[in-house]
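So the chains spell out like this:
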Amino acid sequence: MKNKELADIFDRWANILEFMGDNPYHIRAYRNAARLIRDLSEDIEVLAREGKLTKLPGIGQRLQAKILEFLRTGKIEEFEKLKASVPDTIFTLLDIPGVGPKTVKLLYDRLGIRSLEDLKRAIERGDLLKLPGFGPKKVEKIRKGIELFEKASGRILLGIAVFIADGIINQLKEHSAVERISVAGSTRRMKETVGDIDILATGKNLEIIDAFVNLPNVKEVLWKGTKKATVIVEEGEQVDLRVIEPDSYGSALQYFTGSKSHNIHLRTICIKQGYKLNEYGLFKGDVKIAGRTEEEIYEALGMDTPPPEIREDTGEIEAALEHRLPELIDYGDIKGDLHIHSNWSDGASTIEEIALKAIEMGYKYIAITDHSKSLRVANGLSEEDLLKRNEEIDRLNKKFQGKIKILKGTEVDILPDGSLDYNDEILSQLDFVVAAIHSRFTQDNTKRILKAMENPYVNAIAHPTGRVIGQRESYPVDIEAVIKKAAETGTALEINAYYNRLDLKDVHCRLAVKYGAKLVISTDSHHVDHMWMIKLGVGTARRGWVEKKDVINAKGLRELQKFVKEKRKKFGIS
Ligand SMILES: [Zn+2]
Ligand SMILES: [Zn+2]
């Protein structure tokens, strides 16, 4: 699908126009087109072929012509010309969180700042403070933005890497030349950001390489040999594929999965036992002992095989040697998604569409958790609308009886003083209540969250630290205090599986397990096409040594309802 690539072009177009001070109406048209195309569930090429482009809201004849030009030629002449008229480095500046086109223009016009380096120097010299509307607070925000940007640049979000890798593997798996195939590297370890995407395969090498470089979503072939190829895919990321000899597949997979620190520690164990381990196999002298599978390598060393997600040298090697590895929650263990927005608030899908998707995914239940009234930007529901929505859920539950249970939920705002955006009367009518902070990200939010957990109807805290990967750090919060309170009150902490959140993150999950707090893994989907991301949340949980028993939505409906009831009982409500 070329949707994302096209949306990126329109976004950049809007940025350049804004940078140049073009008229706002014009800018908005491109911005809206970008958003629309990015959120489309259909392939833009298919819509174009069927002549349906101008049926999309905001797409007129002019935009249609541009979209068609892009689909035909891979670029848009007018955009290429426009792009050439502004310095390239401006785009880097626009990618810094908290720096919009207007700021970039001001920096450029007044201080001649054209690049990230220029900007950093100007901040150091205190030049920014001389600009109108730039106080110490604003400058600090930009400095933080640069820090985040530099940390994230060159890294790919896990969700994007998984999406690309799964897409490629699912296509190649069907090919008769392919015997075994797997992703390796940090994508296999489900790290929240990954460096590059590595795929390993066994089979007929020439045919596999050919099939790989000719996949429909390959945009450019950087290198093609007989056993290895490197391509750029439509999403703009680089993917490497290596074809491995079958009797080295396990050792190559082990080697390329890492982490570096896991492999270094593992090698010291090999040396102690008189072995040598490399990507070709486990050797004693010149004799190869193992290499076909990862399991036979670890077994030869007297160890259990640590799941890839925990190979970070944080105790898994010792546990594998002593045969006490945790039984991690599995990707198929989730029985239902408990944080989904419908089109009653700011979601794009109807409750019925969500239910159908959930049935397709094999879920037993879902919770529809639309936003509460104070969150006006997200079309939060008034009490009246919430109750009306509940009636629709009742109706759908009758329709889908025996197939899935739709729980009445909310993502209720935790107000600045820790009270909730709906009163208890309303909350008591819901099956599952998720509470969350969506405002005042700079204040210490510990007390605010602790107080919300004291409410008997609050079953989970959504995205508990508020961080957005590469864009926003966690708000100040004492996560240990939150975890202890969660365990004490019988409130679950969410692992928000949405690809740019993954919040709680892995290390916090591990801390939660240590204190006996329960977790819930949910996607925060705003469209049925987001629901697959549950996989990213399970991966994050596995990285945090989370077991099935720690996760409330790995349990059946009855046990989940018991979890809700028990908290109410604890607070004297029957
Ligand atoms: Zn939220
Ligand atoms: Zn949400």
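Residues numbered from 1 in each chain as written. Chains lettered and ligands numbered in written order. Predicted model: local features only at pLDDT ≥ 70, side-chain atom pairs only at ≥ 80, totals over all residues. Heavy atoms only, no water.

Draft legend 1. Spotlight on the coordination of the zinc ion (ligand 1). Of the protein atoms, only Glu411 (OE), His438 (NE2) and His463 (NE2) coordinate the zinc ion (ligand 1), at distances of 2.0 to 2.2 Å. In primary-sequence terms, the residues that donate to the zinc ion (ligand 1) follow E-x26-H-x24-H. Taken as an interatomic distance, the gap from the zinc ion (ligand 1) to the zinc ion (ligand 2) is 3.4 Å; Glu411 donates to each of them. A residue pair is termed long-range when its members are at least 10 positions apart, and His438 in the loop between strand S14 (432–436) and helix H20 (446–453) and His463 in the loop between strand S15 (460–461) and helix H21 (479–489) qualify at 25 residues. Taken as a pair, His438 and His463 share a single burial class, namely buried. (Donors = N, O, S within 2.8 Å, 3.2 Å for Na, K, Ca; no water. Helix = DSSP H or I, 4+ residues; strand = E, 2+ residues; numbered from the N terminus. Buried < 20%, exposed > 50% of the residue type's maximum accessible area, 1.4 Å probe, protein only.)

Draft legend 2. Representation of the sheet that holds strand S6 (residues 228–233) within the structure. With mixed pairing, 5 strands are arranged side by side in an open sheet as S2-S4-S7-S6-S5. The outermost strands of the open sheet, each flanked by one partner alone, are strand S2 (178–183) and strand S5 (218–224). When strand polarity is set aside, the average angle formed by the axes of neighbouring strands in this sheet is 25 degrees. Of the pairings in the sheet, the one linking strand S4 (residues 197–203) to strand S7 (residues 238–243) comprises 5 bridges and is parallel in character. Of the residues in S7, the one forming a bridge with Ile197 is Val239. Contacting S2, S4, S6 and S7, helix H10 (residues 158–173) crosses the sheet at an angle of about 175 degrees to S2. Relative to S7, helix H12 (residues 205–213) is tilted by about 165 degrees, and along the sheet it contacts S2, S4, S5, S6 and S7. (Pairing = 2+ DSSP bridges. Axes fitted to C-alpha atoms, helices over the stretch in contact; angles between N-to-C directions. Contact = heavy atoms within 4.5 Å.)

Draft legend 3. Up close: helix H9 (residues 136–152). For H9, spanning 17 residues, the distance from its first C-alpha to its last is 24 Å, which sits close to the expected 24 Å at 1.5 Å a residue. Looking at H9, one finds that the buried residues are Val139, Ile142, Gly145, Ile146, Leu148 and Phe149. In this structure, the buried residues of H9 make contact with helix H6 (89–94), helix H7 (101–111) and helix H8 (116–125). One or two positions beyond H9, positive phi appears at Gly154, with a value near 85 degrees. (Expected span 1.5 Å × (residues − 1).)

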